[in-house]
Amino acid sequence: MDFPDELKYSKEHVWVRVEGDRAVMGITDYAQESLGTIRAVELPSVGDELEQDDSFGSVEARKCLAELYAPVSGTVLEVNEELDAAPEMLNDDPYDGGWIAVVDLDDPEELKSLLSAEDYAEAVSLADEEDE
């Protein structure tokens, strides 16, 4: 699995790429692999106000329906509308083409609560061990 070093990660398996005062968000490689084939995505709407740790959409996969939880607070500036027609982009390219939303960061301090790539990799490794 791939966990790019330049990203931050939530314990709920959402990544964040900071671009100035904006945050691009999507699901991690671990999340998409755990879910299996993704069939549909419920996206937030442009203008939605997200609060850290609140649900902002969902991903429907062969195995289940998974809620998406905001890793940071902010106003949704853009959503990846291509996912409506091609939700499998989350499986094929979770870190680039499979981004979900861009938000205007309300509080950059919230980024400190997110995990580094190394810490996230360790967390999912421990979770996998507990499942065995």
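Residues numbered from 1 in each chain as written. Predicted model: local features only at pLDDT ≥ 70, side-chain atom pairs only at ≥ 80, totals over all residues. Heavy atoms only, no water.

Peer 1: Just to check I follow, could you spell out the side chain of Ser10 for this structure?
Peer 2: Residue position: Ser10 is located in the loop between β1 (8-9) and β2 (14-19). You can call Ser10 buried: its relative accessible area is 3%. Dropping the residues within four chain positions of it, Ser10 is found in contact with Pro71, Leu114 and Tyr120. (Helix = DSSP H or I, 4+ residues; strand = E, 2+ residues; numbered from the N terminus. Buried < 20%, exposed > 50% of the residue type's maximum accessible area, 1.4 Å probe, protein only. Contact = heavy atoms within 4.5 Å.)

Peer 1: How should I be thinking about the sheet that holds strand β7 (residues 65-69) in this particular structure?
Peer 2: By definition, the strands of a sheet pair up through backbone hydrogen bonds, in either a parallel or an antiparallel sense. Strand order in this open sheet of three strands is β4-β6-β7, and the pairing throughout is antiparallel. With partners counted over all chains shown, the strands left at the sheet margins are β4 (38-42) and β7, one partner each. Sheet twist, expressed as the mean angle between neighbouring strand axes with direction ignored, is 20 degrees. Pairing of β4 with strand β6 (residues 55-61), which is carried by four bridges, proceeds in the antiparallel orientation. (Pairing = 2+ DSSP bridges. Axes fitted to C-alpha atoms, helices over the stretch in contact; angles between N-to-C directions.)

Peer 1: Would you mind showing me how to read the environment of Lys63 here?
Peer 2: Residue placement: Lys63 occurs in the loop between β6 and β7. Placed 33 residues apart in sequence, Lys63 and Asp96 show a C-alpha to C-alpha distance of 24 Å. Excluding its chain neighbours within four sequence positions, the residues that come into contact with Lys63 are Ser34 and Leu35.

So, to be careful, I would describe these as geometric facts and stop short of saying anything about function.
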